[in-house]
Amino acid sequence: MVQESKKTIIAFFLICLGLTLFPFLIGGYWLRVATGIMMFATITLALNFIAGFAGYAAFGNVVFMGIGAYTTAILMVKAGIPWWIGIVAGGLLSSLYAVLLGLPILRLRGHYFAIATLGVNEATKQFTLIYRDLTEGGMGITLPLTSLSISAFNNLVYFIMFAILLACFLTSYVVSKNRVGYALRAIRANEDAAQMSGIRTTYYKVLAWALSAFFTGLVGGLYAYWFTFIEPANVFDIMIAVKAFVMMLLGGGGTVLGPVLGAAVLELISELVWGEFLRVHMLIFGAIIVLVILFLPSGMMELFRKRYSLSALLSNLKERSI
Amino acid sequence: MLLIQGKKLSKHFGGLPAVDQVDFGVERGEILGLIGPNGAGKTTLVNVITGVFPATSGQVFFKGEDITNLSPPKAVKLGIARTFQIVQPFPGMTVRENVAIGALFGKGSHEKDIKTAFQDAERWLEFVNLGQYKNAEVNEINISHRKRMDLAKTLAMEPELLMLDEVMAGLNTKDIEEMMALVQQINRELDKTLLVIEHVMKALMGISHRVMVLHHGQKIAEEIPEKIVQDENVIKAYLGERYAKQRAKTA
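Cut-offs applied
- Residues numbered from 1 in each chain as written.
- Chains lettered and ligands numbered in written order.
- Predicted model: local features only at pLDDT ≥ 70, side-chain atom pairs only at ≥ 80, totals over all residues.
- Heavy atoms only, no water.
- Phe/Tyr/Trp six-rings, centres within 6.5 Å; stacked < 30°, edge-to-face > 60°.
- Helix = DSSP H or I, 4+ residues; strand = E, 2+ residues; numbered from the N terminus.
- Buried < 20%, exposed > 50% of the residue type's maximum accessible area, 1.4 Å probe, protein only.
- Lys NZ or Arg CZ within 6 Å of the ring centre and 35° of its normal.
- Axes fitted to C-alpha atoms, helices over the stretch in contact; angles between N-to-C directions.
- Parallel < 35°, antiparallel > 145°, perpendicular 65-115°, else oblique.
- Left-handed = near helix turned anticlockwise from the far one by under 90°.
- Contact = heavy atoms within 4.5 Å.
- Nonpolar A, V, L, I, M, F, W, Y, C, P; charged D, E, K, R; others polar.
- Pairing = 2+ DSSP bridges.

Caption draft 1: Quick look at the packing of aromatic side chains. As enumerated under the stated definition, the model contains 25 aromatic pairs over all chains in all. With a centroid separation of 6.2 Å and an interplanar angle of 25°, the aromatic rings of Phe22(A) and Tyr158(A) are classed as stacked. Here Phe22(A), found in helix α1 (residues 2–25), pairs with Tyr158(A), found in helix α7 (residues 150–177); they are 136 residues apart in sequence, far enough to count as distant. Residue classification places Tyr158(A) among the buried positions, given a relative accessible area of 0%. Measuring from ring centre to ring centre gives 6.4 Å for Phe49(A) and Phe53(A), while their planes differ by 40°; the resulting arrangement is tilted. With Phe49(A) and Phe53(A) both in helix α2 (residues 29–53) and four residues apart, this pair spans about one turn of that helix. The burial state of Phe49(A) is the same as that of Phe53(A); both residues are buried. Chaining the aromatic ring pairs together yields one cluster made of Phe22(A), Phe24(A), Tyr158(A), Phe159(A) and Phe162(A). Cation over ring: Lys243(A) sits above Phe40(A), and NZ or CZ is 4.3 Å from the ring centre. Cation over ring: Arg82(B) sits above Phe84(B), and NZ or CZ is 4.3 Å from the ring centre.

Caption draft 2: Focus on the packing of α2(A) against helix α10 (residues 201–227) of chain A. Residues and elements named next belong to chain A. Close contact between α2 and α10 brings their axes to 7 Å; oriented N to C, the two are set at 160°. The orientation of α2 with respect to α10, classified from their angle, is roughly antiparallel. The chirality of how α2 crosses α10 is left-handed. Every residue of α10 that contacts α2 at Arg-32, Thr-35, Gly-36, Met-39, Thr-42, Ile-43, Ala-46, Leu-47, Phe-49 and Ile-50 is listed here: Lys-205, Ala-208, Trp-209, Leu-211, Ser-212, Phe-215, Thr-216, Val-219, Tyr-223, Trp-226 and Phe-227. Across the contact of α2 with α10, the residue classes break down as 14 nonpolar, five polar and two charged.

Caption draft 3: Here's a closer look at the sheet that holds strand β7 (residues 161–165) of chain B. Residues and elements named next belong to chain B. Pairing is mixed across the open sheet formed by six strands, whose spatial order is β6-β7-β8-β3-β9-β10. The outermost strands of the open sheet, each flanked by one partner alone, are β6 (80–82) and β10 (218–223). This sheet shows a mean twist of 20° between the axes of neighbouring strands, independent of strand direction. One ladder, built from four bridges, connects strand β3 (residues 31–35) with strand β8 (residues 193–197); its direction is parallel. Residue pairing for β8: Gly-33 is matched across the bridge by Val-196. In the packing of helix α6 (residues 173–188) onto the sheet, the strands contacted are β3, β7 and β8, and the crossing angle to β8 comes to about 155°.

Bear in mind that shape data such as this cannot, by itself, settle questions of function.
As C-alpha coordinates, this is what we get:
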(Lines give C-alpha, C1' and ligand atoms only; values in the text may rest on other atoms or scores of the structure.)
Protein backbone atom coordinates (compact mmCIF):
# COMPACT_ATOMS: atom_id res chain seq x y z
CA MET A 1 0.00 0.00 0.00
CA VAL A 2 2.74 2.45 1.04
CA GLN A 3 4.91 1.25 -1.85
CA GLU A 4 2.01 1.84 -4.19
CA SER A 5 1.39 5.43 -3.08
CA LYS A 6 5.12 6.18 -3.25
CA LYS A 7 5.13 5.04 -6.86
CA THR A 8 2.13 7.25 -7.58
CA ILE A 9 3.84 10.29 -6.09
CA ILE A 10 7.03 9.66 -8.10
CA ALA A 11 4.98 9.21 -11.28
CA PHE A 12 3.10 12.41 -10.52
CA PHE A 13 6.33 14.41 -10.12
CA LEU A 14 7.86 12.91 -13.26
CA ILE A 15 4.78 13.88 -15.28
CA CYS A 16 4.87 17.39 -13.81
CA LEU A 17 8.58 17.67 -14.62
CA GLY A 18 7.94 16.46 -18.17
CA LEU A 19 5.16 19.00 -18.63
CA THR A 20 7.41 21.75 -17.26
CA LEU A 21 10.17 20.92 -19.72
CA PHE A 22 7.73 20.41 -22.61
CA PRO A 23 7.78 23.99 -24.00
CA PHE A 24 11.59 23.92 -24.19
CA LEU A 25 11.63 20.68 -26.17
CA ILE A 26 8.89 21.41 -28.61
CA GLY A 27 7.37 24.56 -29.93
CA GLY A 28 4.75 26.35 -31.95
CA TYR A 29 1.88 24.15 -33.01
CA TRP A 30 2.33 21.39 -30.43
CA LEU A 31 2.63 23.87 -27.61
CA ARG A 32 -0.74 25.28 -28.61
CA VAL A 33 -2.21 21.78 -28.75
CA ALA A 34 -0.82 21.04 -25.28
CA THR A 35 -2.24 24.29 -23.91
CA GLY A 36 -5.61 23.42 -25.45
CA ILE A 37 -5.58 19.97 -23.87
CA MET A 38 -4.78 21.50 -20.48
CA MET A 39 -7.56 24.00 -20.94
CA PHE A 40 -10.12 21.26 -21.56
CA ALA A 41 -8.65 19.08 -18.82
CA THR A 42 -9.23 21.93 -16.36
CA ILE A 43 -12.75 22.66 -17.61
CA THR A 44 -13.58 18.95 -17.35
CA LEU A 45 -12.02 18.57 -13.89
CA ALA A 46 -13.95 21.65 -12.78
CA LEU A 47 -17.18 20.24 -14.17
CA ASN A 48 -16.36 17.00 -12.34
CA PHE A 49 -16.84 18.68 -8.93
CA ILE A 50 -20.53 19.23 -9.53
CA ALA A 51 -21.39 16.72 -12.26
CA GLY A 52 -18.97 13.92 -11.34
CA PHE A 53 -18.74 13.94 -7.55
CA ALA A 54 -22.18 15.36 -6.75
CA GLY A 55 -23.96 13.96 -9.81
CA TYR A 56 -25.59 17.25 -10.78
CA ALA A 57 -25.56 17.68 -14.56
CA ALA A 58 -24.49 21.32 -14.86
CA PHE A 59 -24.82 21.56 -18.65
CA GLY A 60 -24.65 25.33 -18.46
CA ASN A 61 -21.29 25.33 -16.69
CA VAL A 62 -19.76 27.16 -19.65
CA VAL A 63 -21.42 30.29 -18.22
CA PHE A 64 -18.47 30.58 -15.83
CA MET A 65 -16.05 30.50 -18.71
CA GLY A 66 -17.94 33.45 -20.18
CA ILE A 67 -18.00 35.32 -16.89
CA GLY A 68 -14.28 34.73 -16.36
CA ALA A 69 -13.48 35.85 -19.88
CA TYR A 70 -15.64 38.97 -19.74
CA THR A 71 -14.42 39.96 -16.28
CA THR A 72 -10.81 39.74 -17.41
CA ALA A 73 -11.52 41.56 -20.68
CA ILE A 74 -13.52 44.38 -19.10
CA LEU A 75 -11.04 44.89 -16.26
CA MET A 76 -8.11 45.00 -18.68
CA VAL A 77 -9.73 47.18 -21.33
CA LYS A 78 -11.86 49.54 -19.26
CA ALA A 79 -9.85 49.75 -16.04
CA GLY A 80 -6.32 49.02 -17.27
CA ILE A 81 -5.86 46.37 -14.61
CA PRO A 82 -3.06 43.77 -15.13
CA TRP A 83 -4.13 40.51 -16.81
CA TRP A 84 -3.42 38.21 -13.89
CA ILE A 85 -5.56 40.22 -11.49
CA GLY A 86 -8.31 40.10 -14.13
CA ILE A 87 -8.08 36.30 -14.29
CA VAL A 88 -8.24 35.87 -10.50
CA ALA A 89 -11.16 38.32 -10.36
CA GLY A 90 -12.89 36.27 -13.09
CA GLY A 91 -12.54 33.12 -11.00
CA LEU A 92 -13.81 34.78 -7.84
CA LEU A 93 -16.75 36.44 -9.57
CA SER A 94 -17.72 33.11 -11.14
CA SER A 95 -17.71 31.51 -7.69
CA LEU A 96 -19.88 34.26 -6.30
CA TYR A 97 -22.28 33.83 -9.22
CA ALA A 98 -22.43 30.07 -8.52
CA VAL A 99 -23.18 30.63 -4.84
CA LEU A 100 -25.93 33.17 -5.48
CA LEU A 101 -27.55 31.04 -8.18
CA GLY A 102 -26.81 27.73 -6.50
CA LEU A 103 -28.74 28.57 -3.34
CA PRO A 104 -32.04 28.61 -5.26
CA ILE A 105 -31.40 26.28 -8.23
CA LEU A 106 -29.37 23.58 -6.47
CA ARG A 107 -32.56 22.73 -4.64
CA LEU A 108 -33.78 21.41 -7.98
CA ARG A 109 -32.97 17.82 -8.75
CA GLY A 110 -31.98 15.82 -11.81
CA HIS A 111 -33.03 17.17 -15.19
CA TYR A 112 -34.54 20.30 -13.69
CA PHE A 113 -31.18 21.49 -12.45
CA ALA A 114 -29.58 20.73 -15.83
CA ILE A 115 -32.27 22.76 -17.61
CA ALA A 116 -31.93 25.62 -15.11
CA THR A 117 -28.18 25.87 -15.76
CA LEU A 118 -28.86 26.03 -19.50
CA GLY A 119 -31.26 28.89 -18.81
CA VAL A 120 -28.68 30.66 -16.67
CA ASN A 121 -26.09 30.40 -19.44
CA GLU A 122 -28.49 31.70 -22.08
CA ALA A 123 -29.67 34.58 -19.87
CA THR A 124 -26.10 35.60 -19.03
CA LYS A 125 -25.17 35.48 -22.71
CA GLN A 126 -28.15 37.70 -23.56
CA PHE A 127 -27.05 40.10 -20.84
CA THR A 128 -23.62 40.51 -22.45
CA LEU A 129 -25.32 41.05 -25.82
CA ILE A 130 -27.67 43.73 -24.51
CA TYR A 131 -25.46 45.76 -22.15
CA ARG A 132 -23.16 47.11 -24.84
CA ASP A 133 -21.75 49.94 -22.75
CA LEU A 134 -20.04 47.39 -20.60
CA THR A 135 -19.50 44.44 -22.91
CA GLU A 136 -19.52 45.84 -26.47
CA GLY A 137 -22.38 43.39 -27.17
CA GLY A 138 -22.17 41.15 -30.22
CA MET A 139 -19.16 43.05 -31.53
CA GLY A 140 -17.00 41.33 -28.94
CA ILE A 141 -14.09 42.80 -27.01
CA THR A 142 -10.53 43.01 -28.26
CA LEU A 143 -8.03 42.77 -25.44
CA PRO A 144 -4.75 44.67 -25.28
CA LEU A 145 -1.96 42.85 -27.09
CA THR A 146 0.95 41.65 -25.05
CA SER A 147 4.35 43.29 -25.36
CA LEU A 148 6.01 39.89 -25.12
CA SER A 149 7.40 38.05 -28.15
CA ILE A 150 5.05 35.45 -29.62
CA SER A 151 7.01 32.47 -28.29
CA ALA A 152 7.45 34.02 -24.84
CA PHE A 153 3.71 34.76 -24.75
CA ASN A 154 2.83 31.20 -25.78
CA ASN A 155 5.15 29.87 -23.09
CA LEU A 156 3.57 32.15 -20.50
CA VAL A 157 0.03 31.04 -21.40
CA TYR A 158 1.16 27.41 -21.32
CA PHE A 159 2.62 27.74 -17.83
CA ILE A 160 -0.34 29.65 -16.43
CA MET A 161 -2.72 27.04 -17.88
CA PHE A 162 -0.53 24.31 -16.39
CA ALA A 163 -0.62 26.04 -13.00
CA ILE A 164 -4.42 26.33 -13.08
CA LEU A 165 -4.75 22.67 -14.11
CA LEU A 166 -2.39 21.62 -11.33
CA ALA A 167 -4.31 23.64 -8.75
CA CYS A 168 -7.60 22.18 -9.96
CA PHE A 169 -6.18 18.66 -9.95
CA LEU A 170 -4.77 18.95 -6.43
CA THR A 171 -8.03 20.46 -5.18
CA SER A 172 -9.91 17.53 -6.75
CA TYR A 173 -7.56 15.10 -5.08
CA VAL A 174 -7.95 16.71 -1.65
CA VAL A 175 -11.74 16.90 -2.05
CA SER A 176 -11.96 13.24 -3.09
CA LYS A 177 -10.13 12.16 0.06
CA ASN A 178 -11.87 14.29 2.66
CA ARG A 179 -15.36 14.69 4.09
CA VAL A 180 -16.46 17.01 1.29
CA GLY A 181 -15.80 14.23 -1.22
CA TYR A 182 -17.75 11.70 0.84
CA ALA A 183 -20.64 14.13 1.25
CA LEU A 184 -20.78 14.73 -2.51
CA ARG A 185 -20.57 11.02 -3.34
CA ALA A 186 -23.35 10.32 -0.86
CA ILE A 187 -25.48 13.04 -2.47
CA ARG A 188 -24.92 11.52 -5.90
CA ALA A 189 -25.71 8.02 -4.65
CA ASN A 190 -28.86 8.87 -2.66
CA GLU A 191 -29.67 12.43 -1.73
CA ASP A 192 -32.53 11.68 0.68
CA ALA A 193 -30.42 9.21 2.60
CA ALA A 194 -27.53 11.68 2.57
CA GLN A 195 -29.71 14.30 4.22
CA MET A 196 -30.97 11.79 6.74
CA SER A 197 -27.36 10.89 7.55
CA GLY A 198 -26.69 14.45 8.65
CA ILE A 199 -25.26 15.85 5.42
CA ARG A 200 -26.25 19.46 4.75
CA THR A 201 -26.84 18.72 1.10
CA THR A 202 -27.47 22.27 -0.17
CA TYR A 203 -24.28 23.52 1.49
CA TYR A 204 -22.12 20.82 -0.08
CA LYS A 205 -23.73 21.16 -3.50
CA VAL A 206 -23.21 24.92 -3.49
CA LEU A 207 -19.61 24.41 -2.35
CA ALA A 208 -19.00 21.96 -5.20
CA TRP A 209 -20.50 24.32 -7.74
CA ALA A 210 -18.51 27.27 -6.40
CA LEU A 211 -15.27 25.27 -6.79
CA SER A 212 -16.38 24.24 -10.26
CA ALA A 213 -17.14 27.86 -11.15
CA PHE A 214 -13.86 29.17 -9.74
CA PHE A 215 -11.61 27.02 -11.92
CA THR A 216 -13.84 27.40 -15.00
CA GLY A 217 -13.74 31.17 -14.46
CA LEU A 218 -9.93 31.16 -14.24
CA VAL A 219 -9.76 29.25 -17.52
CA GLY A 220 -12.19 31.71 -19.11
CA GLY A 221 -10.02 34.64 -18.02
CA LEU A 222 -6.87 33.07 -19.37
CA TYR A 223 -8.69 32.16 -22.59
CA ALA A 224 -9.58 35.81 -23.12
CA TYR A 225 -5.99 36.90 -22.48
CA TRP A 226 -4.68 34.14 -24.75
CA PHE A 227 -7.00 34.72 -27.75
CA THR A 228 -7.14 38.53 -27.24
CA PHE A 229 -10.66 38.57 -28.67
CA ILE A 230 -13.90 37.30 -27.15
CA GLU A 231 -17.54 37.50 -28.13
CA PRO A 232 -20.64 36.06 -26.43
CA ALA A 233 -21.10 33.40 -29.10
CA ASN A 234 -17.77 31.74 -28.40
CA VAL A 235 -17.22 32.05 -24.65
CA PHE A 236 -20.81 31.09 -23.80
CA ASP A 237 -20.83 28.30 -26.39
CA ILE A 238 -22.78 25.36 -24.97
CA MET A 239 -20.69 22.97 -27.07
CA ILE A 240 -17.74 23.63 -24.75
CA ALA A 241 -19.76 22.24 -21.85
CA VAL A 242 -21.03 19.32 -23.93
CA LYS A 243 -17.47 18.49 -24.93
CA ALA A 244 -16.39 18.63 -21.28
CA PHE A 245 -19.23 16.26 -20.41
CA VAL A 246 -18.14 13.75 -23.00
CA MET A 247 -14.55 14.01 -21.77
CA MET A 248 -15.72 13.42 -18.20
CA LEU A 249 -17.86 10.44 -19.16
CA LEU A 250 -15.09 9.01 -21.30
CA GLY A 251 -12.49 9.28 -18.55
CA GLY A 252 -14.73 8.52 -15.60
CA GLY A 253 -16.92 10.96 -13.65
CA GLY A 254 -16.29 11.24 -9.93
CA THR A 255 -12.66 10.18 -10.26
CA VAL A 256 -9.67 12.53 -10.09
CA LEU A 257 -7.61 11.23 -12.99
CA GLY A 258 -10.52 10.31 -15.28
CA PRO A 259 -11.46 13.81 -16.46
CA VAL A 260 -7.82 14.63 -17.30
CA LEU A 261 -7.45 11.35 -19.17
CA GLY A 262 -10.73 11.84 -21.04
CA ALA A 263 -9.79 15.40 -22.03
CA ALA A 264 -6.33 14.36 -23.22
CA VAL A 265 -7.58 11.42 -25.28
CA LEU A 266 -10.49 13.22 -26.91
CA GLU A 267 -8.61 16.45 -27.58
CA LEU A 268 -5.61 14.61 -29.04
CA ILE A 269 -7.77 12.50 -31.34
CA SER A 270 -9.73 15.60 -32.26
CA GLU A 271 -6.52 17.44 -33.10
CA LEU A 272 -4.86 14.57 -34.94
CA VAL A 273 -7.66 13.08 -36.96
CA TRP A 274 -10.88 15.01 -37.06
CA GLY A 275 -9.33 18.40 -37.64
CA GLU A 276 -9.27 17.25 -41.24
CA PHE A 277 -12.96 16.42 -41.44
CA LEU A 278 -15.00 19.26 -40.03
CA ARG A 279 -18.40 17.75 -40.80
CA VAL A 280 -17.64 14.16 -39.81
CA HIS A 281 -16.19 15.50 -36.57
CA MET A 282 -19.63 15.88 -34.94
CA LEU A 283 -20.75 12.49 -36.21
CA ILE A 284 -17.80 10.73 -34.61
CA PHE A 285 -18.30 12.81 -31.49
CA GLY A 286 -21.88 11.54 -31.22
CA ALA A 287 -20.79 7.97 -31.88
CA ILE A 288 -18.26 8.20 -29.04
CA ILE A 289 -20.96 9.34 -26.62
CA VAL A 290 -23.12 6.35 -27.55
CA LEU A 291 -20.25 3.87 -27.35
CA VAL A 292 -19.00 5.16 -24.01
CA ILE A 293 -22.44 4.95 -22.45
CA LEU A 294 -23.03 1.45 -23.80
CA PHE A 295 -19.69 -0.12 -23.03
CA LEU A 296 -17.97 2.08 -20.45
CA PRO A 297 -20.70 3.65 -18.32
CA SER A 298 -18.18 4.41 -15.57
CA GLY A 299 -15.49 5.68 -17.92
CA MET A 300 -11.98 4.63 -18.83
CA MET A 301 -10.81 4.59 -15.21
CA GLU A 302 -12.89 1.45 -14.83
CA LEU A 303 -10.61 -0.27 -17.35
CA PHE A 304 -7.68 0.12 -14.97
CA ARG A 305 -9.59 -0.71 -11.85
CA LYS A 306 -11.36 -3.82 -13.06
CA ARG A 307 -9.03 -4.97 -15.85
CA TYR A 308 -11.88 -5.21 -18.29
CA SER A 309 -11.97 -7.95 -20.88
CA LEU A 310 -14.09 -7.89 -24.01
CA SER A 311 -16.68 -10.12 -22.34
CA ALA A 312 -16.92 -7.79 -19.36
CA LEU A 313 -17.57 -4.89 -21.73
CA LEU A 314 -20.29 -6.90 -23.44
CA SER A 315 -21.90 -7.74 -20.12
CA ASN A 316 -22.22 -3.99 -19.48
CA LEU A 317 -24.21 -3.82 -22.67
CA LYS A 318 -26.45 -6.69 -21.54
CA GLU A 319 -27.10 -5.12 -18.16
CA ARG A 320 -28.19 -1.94 -19.87
CA SER A 321 -30.57 -3.65 -22.24
CA ILE A 322 -32.52 -5.41 -19.48
CA MET B 1 -37.94 12.39 31.63
CA LEU B 2 -39.31 12.59 28.12
CA LEU B 3 -36.57 12.51 25.50
CA ILE B 4 -38.91 13.33 22.68
CA GLN B 5 -42.42 14.65 22.89
CA GLY B 6 -45.07 15.64 20.35
CA LYS B 7 -47.91 18.00 21.18
CA LYS B 8 -51.02 17.93 19.00
CA LEU B 9 -48.86 17.08 16.02
CA SER B 10 -50.63 17.12 12.65
CA LYS B 11 -49.62 16.62 9.07
CA HIS B 12 -52.15 17.13 6.31
CA PHE B 13 -51.63 16.24 2.67
CA GLY B 14 -54.10 18.50 0.93
CA GLY B 15 -57.36 17.75 2.74
CA LEU B 16 -56.16 14.41 4.10
CA PRO B 17 -54.96 14.36 7.69
CA ALA B 18 -52.18 11.73 7.61
CA VAL B 19 -51.26 12.53 11.20
CA ASP B 20 -54.03 14.09 13.22
CA GLN B 21 -53.50 15.87 16.56
CA VAL B 22 -51.20 13.21 17.94
CA ASP B 23 -49.75 13.60 21.43
CA PHE B 24 -46.91 11.26 22.20
CA GLY B 25 -43.81 10.95 24.29
CA VAL B 26 -40.86 8.60 24.55
CA GLU B 27 -39.11 8.30 27.90
CA ARG B 28 -35.34 8.25 27.95
CA GLY B 29 -34.16 4.64 27.83
CA GLU B 30 -37.51 3.35 26.64
CA ILE B 31 -38.53 1.32 23.59
CA LEU B 32 -41.82 2.65 22.29
CA GLY B 33 -43.49 0.44 19.71
CA LEU B 34 -45.56 2.15 17.04
CA ILE B 35 -48.17 0.10 15.21
CA GLY B 36 -51.18 0.68 13.03
CA PRO B 37 -52.72 -0.62 9.81
CA ASN B 38 -51.19 0.39 6.48
CA GLY B 39 -51.66 4.10 5.87
CA ALA B 40 -52.21 4.86 9.55
CA GLY B 41 -49.57 7.60 9.49
CA LYS B 42 -46.65 5.85 11.23
CA THR B 43 -43.97 6.71 8.73
CA THR B 44 -45.43 10.17 8.24
CA LEU B 45 -45.09 10.77 11.97
CA VAL B 46 -41.41 9.84 11.80
CA ASN B 47 -40.99 12.05 8.74
CA VAL B 48 -42.48 14.99 10.60
CA ILE B 49 -40.30 14.36 13.66
CA THR B 50 -37.13 14.30 11.53
CA GLY B 51 -38.12 17.32 9.46
CA VAL B 52 -38.59 15.51 6.15
CA PHE B 53 -42.11 16.98 6.05
CA PRO B 54 -43.02 20.23 7.80
CA ALA B 55 -45.76 19.81 10.40
CA THR B 56 -49.14 21.33 9.54
CA SER B 57 -49.65 22.17 13.19
CA GLY B 58 -48.44 21.14 16.61
CA GLN B 59 -44.96 20.95 18.09
CA VAL B 60 -42.11 18.51 18.63
CA PHE B 61 -39.80 18.78 21.63
CA PHE B 62 -36.45 17.06 22.01
CA LYS B 63 -35.00 17.23 25.53
CA GLY B 64 -37.50 19.98 26.20
CA GLU B 65 -36.35 22.08 23.26
CA ASP B 66 -38.75 22.95 20.45
CA ILE B 67 -37.44 21.29 17.29
CA THR B 68 -40.56 21.52 15.13
CA ASN B 69 -39.70 21.71 11.41
CA LEU B 70 -35.96 21.47 11.93
CA SER B 71 -34.19 20.23 8.78
CA PRO B 72 -33.15 16.53 8.78
CA PRO B 73 -29.38 17.25 9.06
CA LYS B 74 -30.01 19.49 12.06
CA ALA B 75 -32.15 16.85 13.73
CA VAL B 76 -29.28 14.40 13.18
CA LYS B 77 -26.80 16.80 14.80
CA LEU B 78 -29.07 16.97 17.87
CA GLY B 79 -29.02 13.20 18.20
CA ILE B 80 -32.00 11.89 16.24
CA ALA B 81 -31.42 9.13 13.70
CA ARG B 82 -33.70 6.86 11.74
CA THR B 83 -33.75 3.97 9.34
CA PHE B 84 -36.02 3.76 6.31
CA GLN B 85 -38.77 1.28 5.61
CA ILE B 86 -37.08 0.49 2.32
CA VAL B 87 -33.35 0.52 3.05
CA GLN B 88 -31.75 3.60 1.53
CA PRO B 89 -28.12 2.66 0.92
CA PHE B 90 -25.48 4.55 -1.05
CA PRO B 91 -25.04 2.38 -4.13
CA GLY B 92 -21.54 2.23 -5.61
CA MET B 93 -19.99 2.39 -2.14
CA THR B 94 -18.78 -0.46 0.01
CA VAL B 95 -20.63 -1.55 3.12
CA ARG B 96 -17.92 0.05 5.25
CA GLU B 97 -18.15 3.35 3.34
CA ASN B 98 -21.93 3.38 3.79
CA VAL B 99 -21.55 3.12 7.55
CA ALA B 100 -18.64 5.60 7.58
CA ILE B 101 -20.95 8.25 6.07
CA GLY B 102 -23.00 7.98 9.26
CA ALA B 103 -19.88 8.37 11.40
CA LEU B 104 -18.63 11.31 9.32
CA PHE B 105 -21.80 13.39 9.42
CA GLY B 106 -23.69 12.21 12.47
CA LYS B 107 -23.90 13.82 15.89
CA GLY B 108 -20.63 15.28 17.16
CA SER B 109 -18.84 14.30 13.96
CA HIS B 110 -17.51 17.69 13.00
CA GLU B 111 -13.88 17.11 13.78
CA LYS B 112 -13.87 13.42 12.95
CA ASP B 113 -11.31 12.56 10.28
CA ILE B 114 -11.77 9.92 7.61
CA LYS B 115 -9.58 7.39 9.35
CA THR B 116 -11.49 7.59 12.63
CA ALA B 117 -14.79 7.40 10.76
CA PHE B 118 -13.68 4.19 9.06
CA GLN B 119 -12.55 2.71 12.37
CA ASP B 120 -15.94 3.60 13.87
CA ALA B 121 -17.65 2.03 10.88
CA GLU B 122 -15.77 -1.23 11.36
CA ARG B 123 -16.64 -1.29 15.03
CA TRP B 124 -20.35 -0.85 14.31
CA LEU B 125 -20.25 -3.46 11.57
CA GLU B 126 -18.80 -5.91 14.09
CA PHE B 127 -21.55 -4.91 16.51
CA VAL B 128 -24.32 -5.81 14.06
CA ASN B 129 -22.36 -8.91 13.07
CA LEU B 130 -21.59 -7.79 9.54
CA GLY B 131 -17.82 -7.42 9.84
CA GLN B 132 -17.06 -9.98 7.16
CA TYR B 133 -18.94 -7.97 4.52
CA LYS B 134 -17.22 -4.65 5.12
CA ASN B 135 -15.53 -4.58 1.71
CA ALA B 136 -18.52 -5.85 -0.25
CA GLU B 137 -20.50 -3.46 -2.39
CA VAL B 138 -24.01 -2.68 -1.19
CA ASN B 139 -25.54 -4.33 -4.26
CA GLU B 140 -23.81 -7.59 -3.39
CA ILE B 141 -25.40 -8.16 0.02
CA ASN B 142 -28.90 -9.48 0.73
CA ILE B 143 -31.85 -7.68 2.31
CA SER B 144 -31.23 -8.94 5.81
CA HIS B 145 -27.64 -7.71 5.66
CA ARG B 146 -28.73 -4.40 4.21
CA LYS B 147 -31.11 -3.85 7.09
CA ARG B 148 -28.30 -4.49 9.54
CA MET B 149 -25.94 -2.24 7.58
CA ASP B 150 -28.53 0.52 7.78
CA LEU B 151 -28.76 -0.06 11.53
CA ALA B 152 -24.95 0.14 11.81
CA LYS B 153 -25.00 3.41 9.88
CA THR B 154 -27.55 4.98 12.21
CA LEU B 155 -25.60 3.74 15.23
CA ALA B 156 -22.45 5.32 13.77
CA MET B 157 -24.33 8.62 13.84
CA GLU B 158 -24.23 8.31 17.66
CA PRO B 159 -27.86 9.25 18.20
CA GLU B 160 -29.73 9.38 21.50
CA LEU B 161 -33.03 8.60 19.82
CA LEU B 162 -33.23 5.90 17.17
CA MET B 163 -36.33 5.50 15.06
CA LEU B 164 -36.52 2.17 13.30
CA ASP B 165 -39.02 1.99 10.47
CA GLU B 166 -39.85 -1.67 9.89
CA VAL B 167 -36.35 -3.08 10.28
CA MET B 168 -37.81 -6.58 10.35
CA ALA B 169 -39.95 -6.40 7.22
CA GLY B 170 -38.91 -9.01 4.69
CA LEU B 171 -36.75 -10.98 7.12
CA ASN B 172 -37.15 -14.70 7.87
CA THR B 173 -37.90 -16.03 11.36
CA LYS B 174 -34.28 -16.58 12.29
CA ASP B 175 -33.25 -13.12 11.11
CA ILE B 176 -36.16 -11.57 13.00
CA GLU B 177 -34.99 -13.19 16.22
CA GLU B 178 -31.48 -11.91 15.68
CA MET B 179 -32.79 -8.43 14.94
CA MET B 180 -34.96 -8.46 18.08
CA ALA B 181 -31.94 -9.38 20.18
CA LEU B 182 -29.94 -6.64 18.48
CA VAL B 183 -32.57 -3.98 19.14
CA GLN B 184 -32.72 -4.97 22.81
CA GLN B 185 -28.94 -4.91 23.01
CA ILE B 186 -28.94 -1.40 21.55
CA ASN B 187 -31.46 -0.35 24.16
CA ARG B 188 -29.81 -1.98 27.17
CA GLU B 189 -26.10 -1.95 26.46
CA LEU B 190 -25.83 1.22 24.41
CA ASP B 191 -28.49 2.95 26.45
CA LYS B 192 -30.38 4.25 23.43
CA THR B 193 -33.98 5.36 23.36
CA LEU B 194 -35.97 3.76 20.55
CA LEU B 195 -39.13 4.33 18.61
CA VAL B 196 -39.87 1.18 16.66
CA ILE B 197 -42.40 0.92 13.84
CA GLU B 198 -43.16 -2.69 13.11
CA HIS B 199 -45.70 -4.93 11.43
CA VAL B 200 -44.25 -8.13 12.83
CA MET B 201 -46.46 -8.14 15.91
CA LYS B 202 -44.72 -10.92 17.81
CA ALA B 203 -41.42 -9.12 17.53
CA LEU B 204 -42.79 -5.76 18.48
CA MET B 205 -44.71 -7.02 21.50
CA GLY B 206 -41.59 -8.85 22.64
CA ILE B 207 -39.30 -5.86 22.73
CA SER B 208 -41.48 -2.80 23.42
CA HIS B 209 -41.92 -1.32 26.87
CA ARG B 210 -45.02 0.48 25.66
CA VAL B 211 -46.96 0.42 22.41
CA MET B 212 -48.74 3.28 20.68
CA VAL B 213 -51.39 2.59 18.04
CA LEU B 214 -52.24 4.92 15.18
CA HIS B 215 -55.36 4.57 13.06
CA HIS B 216 -56.34 7.01 10.30
CA GLY B 217 -53.68 9.37 11.66
CA GLN B 218 -55.12 9.40 15.16
CA LYS B 219 -53.77 7.84 18.30
CA ILE B 220 -56.27 5.23 19.45
CA ALA B 221 -54.28 3.54 22.20
CA GLU B 222 -51.08 3.76 24.20
CA GLU B 223 -50.44 0.96 26.63
CA ILE B 224 -48.08 -1.77 27.77
CA PRO B 225 -48.00 -4.63 25.19
CA GLU B 226 -50.10 -7.02 27.30
CA LYS B 227 -53.00 -4.58 27.39
CA ILE B 228 -52.69 -3.47 23.77
CA VAL B 229 -53.57 -6.93 22.45
CA GLN B 230 -56.82 -6.84 24.44
CA ASP B 231 -57.80 -3.29 23.52
CA GLU B 232 -61.19 -3.18 21.74
CA ASN B 233 -60.29 -0.20 19.55
CA VAL B 234 -57.06 -1.81 18.42
CA ILE B 235 -58.77 -5.08 17.52
CA LYS B 236 -61.41 -3.14 15.61
CA ALA B 237 -58.79 -1.19 13.68
CA TYR B 238 -56.81 -4.26 12.78
CA LEU B 239 -59.43 -6.94 12.22
CA GLY B 240 -62.55 -4.92 11.40
CA GLU B 241 -65.71 -4.15 13.38
CA ARG B 242 -67.46 -7.41 12.54
CA TYR B 243 -64.68 -9.48 14.03
CA ALA B 244 -64.64 -7.30 17.12
CA LYS B 245 -68.41 -7.77 17.62
CA GLN B 246 -68.15 -11.52 17.10
CA ARG B 247 -65.34 -11.66 19.58
CA ALA B 248 -67.34 -9.67 22.12
CA LYS B 249 -70.26 -12.10 21.74
CA THR B 250 -68.19 -15.23 22.24
CA ALA B 251 -66.47 -13.63 25.22
